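Residues per chain, in single letters:
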Amino acid sequence: MARFLSNCRVIRLITQQTQDFPRRLGRFRVGNCFQNLRMASGGGHTNRLIHEKSPYLLQHAHNPVDWYPFGQEAIDRARRENKLIFLSVGYSTCHWCHVMEKESFEDEAIAKVMNENFVNVKVDREERPDVDRIYMSFVQMTSGGGGWPMSVWITPDLRPIMAGTYFPPVDRWGQPGFRTILQRMADKWRRDNTELVEFSSSVVHAMTESLQMEESASDDLRIEEKFRECTRIYKGRFDGVWGGFGHSPKFPEVSRLHFVLHAFLHSSIFLQNPDQDLFHGVAHTLEKICHGGIHDHVFGGFSRYAVDQKWHVPHFEKMLYDQAQLMMILCNCYRVQPRKLFLDISDRIFKYMCSDLRDSGGAFYSGEDADSLPTHASPEKIEGAFYGWLKSDIEAAFEENADKLKDFPFNALEVFNHHYNVKDEGNVEPHSDPHGHLQSQNILIITGSAEKTAEHFKIPLEELEKMLSIASEFLHEIRNKRPRPHLDVKMVCAWNGLALTGLSKLASLSASSVREECAKVSGELFTFIHKEFFDATAGKLRRVCYSANEEAPSTPIYGFLDDYAFTVRGILDYYEVSLREDVLAFAEELQRVQDKLFWDPEKGAYFYTEANSDNMIVRMKEDYDGAEPSGNSVSVKNLLLLGGYFDSSDFRDKAKKTLHYFSALSHFGYAMPEMMSSALIHDTGINEIVVVGPEGEATNEFLKVIREFYIPGLILFHVNPEQPKEFAKIKVNSYKMVNNSPTVYICFNQMCLPPETSVENVKKILAEKYLHPK
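Residues numbered from 1 in each chain as written. Predicted model: local features only at pLDDT ≥ 70, side-chain atom pairs only at ≥ 80, totals over all residues. Heavy atoms only, no water.

Asker: Hey, could you run me through the pattern of salt bridges in this one?
Answerer: Opposite charge on two side chains permits pairing when their charged atoms draw close. Under the criterion given, the structure shown has 51 salt bridges. Between D66 and R77 there is a salt bridge; the shortest N-O distance is 3.5 Å. Within this pair, whereas D66 is found in the loop between α4 (55–59) and β1 (67–69), its partner R77 is found in helix α5 (residues 72–81), the two being separated by eleven residues in sequence. R77 gets classed as buried once you look at its relative accessible area, which sits at 12%. K505 is paired through a salt bridge with D573; the nearest N and O atoms lie 3.4 Å apart. (Salt bridge = Lys/Arg side-chain N within 4 Å of Asp/Glu carboxyl O. Helix = DSSP H or I, 4+ residues; strand = E, 2+ residues; numbered from the N terminus. Buried < 20%, exposed > 50% of the residue type's maximum accessible area, 1.4 Å probe, protein only.)

The structure is reproduced here in structure tokens:
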């Protein structure tokens with residue numbers, strides 16, 4: 001490692017800059033966003049990417065750059081001609097990727113330098129996360145940060161030697177631009193590449209070394225110690241005013257919120273009383289996120305993150321994985337303490353996903369772009385154009401729809417503008433919009449609450465909510481006449497697994513206004529996963545699928561660890577709703593495939609890629625829960641649940657070994673909150689509930705009550721005595737109805753309570769344990 005760090009001077013000599021340069025440029029609100037994403041841009045050029053399926057690669061198919069997709073053809077050419085590979089990684093809804101394309105990759109002079117000196121390779125990080133993760137780890141090791149677009153120079157044998165994120169096209173503020181760096185790299189490689197080759201070797205050695213975890217000497221995971229450390233750190237970083245962690249930019253960080261919510265339920269075990277601050281932190285954060293501009297108040301759904309502390313001005317791309325995870329955490333928080341806001345917003349996420357992201361086959365697309373045309377006549381796209389409102393536009397909309405508002409005994413426009421902080425001059429603060437793209441625009445935000453607005457105007461809350469709903473409907477109709485952001489129609493297996501979890505959580509809540517429809521959509525998504533994502537011939541999951549009218553690629557990209565872990569989790573959550581035996585059986589089947597393809601039999605835990613994957617310089621294990629949880633973190637809970645469902649010591653053993661593998665990390669709990677949550681389940685044990693009774697209202701009432709609670713380690717069975725059959729570990733002869741009435745058997749950590757035939761008693765037992773209010 002020391003040799004590796006000393007050799008980092010090679011990078012600095014070439015670039016004379018630190019690799020967090022994009023942050024110092026305003027990484028999260030870049031200017032110069034005059035990109036045009038027309039597929040036919042680039043002066044009539046067409047490159048090899050025209051034959052790809054990825055929307056991101058197709059966006060670059062008409063660049064003058066001689067792009068290759070990642071693969072053997074490009075690698076062979078680099079080796080044959082002894083040229084460096086320039087690897088550019090991004091995704092189709094990435095704002096900064098569009099900026100660099102417009103400024104550099106569409107520039108004829110820059111493209112000429114690239115084509116003459118490098119073999120240029122484009123990668124869709126969502127399609128090939130294996131490639132992205134390897135080289136992003138290099139970016140982070142050498143700079144301490146990362147982001148997209150990711151720009152990496154690698155040797156013909158794929159070892160990285162220099163990297164960054166966004167580079168401006170020309171020298172600025174004493175820093176070299178992209179064209180200068182290209183020329184320096186080419187000159188260095190051509191004149192004397194010995195130092196670069198030596199450095200690249202030390203890079204791979206350091207990356208491999210970083211994967212060598214120290215094995216825990218003790219069998220004790222020190223869960224209580226890690227729990228206290230973790231909760232102390234989170235409470236210390238919590239923003240008591242605006243919610244979330246830290247200052248800005250602000251991401252939802254659902255994995256962290258999910259752990260803190262679980263920690264609240266668990267805190268009574270390690271502390272004398274439940275730590276109410278933990279629940280308050282989660283609930284307050286979710287409230288602020290729901291009220292903020294990061295939430296699309298006109299139609300629903302959430303943007304990727306906010307650039308400011310108040311969750312007001314978002315980076316406007318909407319990603320499927322954010323919708324799915326926010327739906328999940330909102331539903332689980334609602335289960336702990338029912339708040340209408342959380343359920344209403346979950347319903348809105350569902351409607352947005354089905355309207356704007358759902359494919360006709362039943363799965364969901366990847367996301368929508370941050371950028372769009374301000375008007376149909378505009379030549380260039382800018383960020384946020386689809387979402388901002390001039391106050392005069394809102395006034396005109398209310399005037400045009402006056403008939404829909406005439407029965408309200410108050411000034412609807414005045415109330416609306418107050419509630420959403422609409423101002424004459426716009427409500428976006430200059431520091432959140434340094435380049436003026438949202439000048440005079442209003443991004444709707446609730447700085448108070450519906451209750452406070454109703455109180456301020458002395459109107460019934462129900463009337464206010466009805467008016468806001470009507471206004472949202474006609475504003476949505478008006479906004480839909482604007483040029484829409486680009487839609488990435490690639491369907492990612494892992495993200496659809498997350499979506500199945502979110503949908504299943506919502507479909508379990510009887511109070512949801514979309515419960516029945518949501519249950520139907522969940523079932524259709526499960527069917528799509530089973531029939532389309534799962535390649536029965538190969539016995540493996542596909543990473544990506546495309547819309548029904550798209551021909552499947554000749555060489556499929558098979559799934560990575562996340563695809564299996566997230567999908568198994570989604571299927572287990574869907575089983576909880578459907579109680580279908582075939583669903584649970586498919587979850588077990590996929591887990592067995594995951595174990596075969598990714599398990600490390602020597603040290604434990606899962607690799608991200610299959611063994612002997614083509615053109616991978618290292619085989620990585622992720623140790624961080626970020627925008628999405630890591631596959632290892634999710635797998636631990638999956639293994640614990642499947643171990644309970646099938647009484648499998650193999651699954652339980654793999655869960656324990658994975659926990660031990662990562663517990664050696666000093667930052668285990670804080671960096672891997674989803675795994676820390678799984679560790680709590682391992683510590684307290686699985687909660688098993690068996691409902692015995694025939695199909696019908698009485699039995700369903702028990703199931704309804706059970707599903708109303710947030711039970712992190714729940715395995716749930718329904719035994720129908722009229723159609724007795726054994727599945728999973730359930731032996732029907734062990735479970736009988738008492739007094740010929742539907743009966744519930746509840747076991748906490750292998751301690752079983754007497755069978756219950758009273759719905760109220762079951763509710764009381766679960767409420768006492770899971771702090772559900774009466």
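Asker: Quick question: what am I supposed to make of the packing of helix α23 (residues 561–578) against helix α25 (residues 631–646) here?
Answerer: Pairs of packed helices are described in terms of their axes, by the angle between the two and the distance that separates them. Where α23 contacts α25, the axes come no closer than 9 Å and their chain directions differ by 40°. Classified by the angle their axes make, α23 and α25 are oblique. Two packed elements cross with a definite hand, and for α23 against α25 that hand is left-handed. In this structure, α23 contributes L561, D562, A565, F566, V568, R569, L572 and Y575 to the contact, and α25 contributes G631, N632, V634, S635, K637, N638, L641, L642 and Y645. Taken together, the residues of the contact of α23 with α25 sort by class into ten nonpolar, four polar and three charged. (Axes fitted to C-alpha atoms, helices over the stretch in contact; angles between N-to-C directions. Parallel < 35°, antiparallel > 145°, perpendicular 65-115°, else oblique. Left-handed = near helix turned anticlockwise from the far one by under 90°. Contact = heavy atoms within 4.5 Å. Nonpolar A, V, L, I, M, F, W, Y, C, P; charged D, E, K, R; others polar.)

Asker: How should α5 be read in this particular structure?
Answerer: Helical geometry: 3.6 residues make up each α-helical turn, so side chains three or four residues apart lie on a common side. Within the span of α5, buried status applies to A74, I75, R77 and A78. When α5 is viewed along its axis, its buried side chains cluster within an angular range of 160° and face the same direction. In α5, the exposed residues that point more than 90 degrees away from the buried face are E73 and R80. The secondary structure elements touched by the buried residues of α5 are β1, β2 (84–90), α7 (108–117) and β3 (118–124). (Arc of directions from axis to C-beta.)

Asker: How should the environment of Q323 be read in this particular structure?
Answerer: Checked against the element boundaries, Q323 lands in helix α14 (residues 320–336). Along the chain, Q323 and R304 lie 19 residues apart, while their C-alpha atoms are 9.3 Å from each other. Here Q323 is in contact with G301, F302, K318, I349, Y352, M353 and L357, once residues within four sequence places are set aside. Separated by 2.7 Å, the side chain of Q323 and the backbone oxygen of F302 make a polar contact. (Polar contact = N/O pair within 3.5 Å; in protein donor to acceptor, adjacent residues only side chain to side chain.)

Asker: What exactly am I supposed to notice about the packing of α14 against helix α15 (residues 340–357) here?
Answerer: It is the contact of α14 with α15, at a shortest axis distance of 9 Å, that shows an interaxial angle of 155°. Here α15 runs roughly antiparallel to α14, going by the angle between their axes. When you trace α14 past α15, the crossing you get is left-handed. Along its contact with α14, which presents L320, Q323, L326, M327, L330, C331, C333 and Y334, the element α15 presents F342, L343, I345, S346, I349, F350, Y352, M353 and L357. Split by residue class, the contact of α14 with α15 holds 15 nonpolar, two polar and no charged.

Asker: When you look at the sheet that holds strand β19 (residues 743–748) in this model, what are you seeing that I'm missing?
Answerer: Think of a sheet as strands paired side by side through backbone hydrogen bonds, with each pair either parallel or antiparallel. Taken in spatial order, the four strands line up as β18-β17-β19-β20 in an open sheet, and their pairing is mixed. Since the sheet does not close on itself, it has two edges, and those belong to β18 (714–719) and β20 (751–752), each with one partner. As judged from the two bridges shared by β19 and β20, these two strands associate in the antiparallel manner. Within β20, the position partnered with F748 by the bridge is M751. Set on the sheet, helix α30 (residues 759–770) makes contact with β17 (687–692) and β19; between it and β19 the angle comes to about 20°. (Pairing = 2+ DSSP bridges.)

Asker: Would you take a moment to explain the packing of aromatic side chains for this structure?
Answerer: Inspection of the entire model under this criterion finds 37 aromatic pairs. Measuring from centroid to centroid gives 5.9 Å for Y234 and F259, while their planes differ by 45°, and the two rings are tilted. Of the two residues, Y234 sits in helix α11 (residues 223–237) while F259 sits in helix α12 (residues 254–270), which places them 25 residues apart along the sequence. For the pair formed by Y234 and F259, the shared burial category is buried. Put simply, the rings of W67, F86, F105, W153, F167 and F178 touch in pairs and so form one group of aromatic residues. Positioned above the aromatic ring of Y68, the side-chain terminus of R48 is 3.7 Å from the ring centre. The ring of Y670 carries R256 above its face, with NZ or CZ at 4.5 Å from the centroid. (Phe/Tyr/Trp six-rings, centres within 6.5 Å; stacked < 30°, edge-to-face > 60°. Lys NZ or Arg CZ within 6 Å of the ring centre and 35° of its normal.)

Asker: Please clarify how the nonpolar core should be interpreted in this entry.
Answerer: With 151 residues, the main nonpolar core has F259, M353, F364, F533, I689, L716 and L766 as its most contacted residues. Here the element with the most residues in this core is α14; it accounts for twelve residues. In this structure, M353 is in contact with L320, Q323, M327, R358, F364 and A499, ignoring residues within four places of it in sequence. Ranked by size, the runner-up nonpolar core spans 61 residues in total, among them Y91, I110, V113 and F167. (Core = buried A, V, L, I, M, F, W, Y, C linked by side-chain atoms within 4.5 Å.)

Asker: Is there a simple way to explain the sheet that holds strand β9 (residues 367–368) in this structure?
Answerer: Here we have three strands laid out as an open sheet, ordered β8-β9-β12, and antiparallel in their pairing. Across the chains shown, the open sheet's two edge strands, defined by having one partner strand only, are β8 (318–319) and β12 (487–488). Looking at chain direction, β8 and β9 are connected through two bridges and run antiparallel. Following the sheet pairing, K318 is matched in β9 by E368.

Asker: Is there a simple way to explain the state of the cysteines in this structure?
Answerer: Structurally, a disulfide amounts to a covalent bond that connects the sulfur atoms of two cysteines. In this structure the tally under the stated criterion is two disulfides. Here C94 is linked by a disulfide to C97, with a sulfur-sulfur distance of 2.4 Å. Residues C94 and C97 are joined through a disulfide that is right-handed, its torsion about the S-S bond being 80°. As far as the burial class goes, C94 and C97 line up, both buried. Note on cysteine connectivity: C747 is disulfide-linked to C752, with sulfurs 2.0 Å apart. The sign of the S-S torsion, about 100°, decides the handedness of the disulfide formed by C747 and C752: right-handed. Given a relative accessible area of 11%, C747 falls into the buried group. Assigning the bonded cysteines of the protein consecutive numbers by sequence position, one obtains the connectivity 1-2, 3-4. Free cysteine: C354, not disulfide-bonded; nearest cysteine sulfur from C518 at 7.3 Å. The thiol of C545 is not disulfide-bonded; the next cysteine sulfur, from C493, is found 7.5 Å away. (Disulfide = S-S within 2.5 Å.)

Asker: Quick question: what am I supposed to make of the pairing of β2 here?
Answerer: Regular strands place side chains that alternate from one sheet face to the opposite one. Among the seven residues that make up β2, seven are buried, leaving the element largely enclosed by the rest of the structure. Where burial is concerned, the two faces of β2 agree: the one with L84, F86, S88 and G90 and the one with I85, L87 and V89 are both buried. When β2 meets β3, the two strands line up parallel, connected through seven bridges. The partner of L84 across the bridge, within β3, is F118. Sheet analysis places β2 next to strand β4 (residues 150–154), joined by five bridges and oriented antiparallel. Each residue of the ladder has a partner; that of I85, found in β4, is I154.

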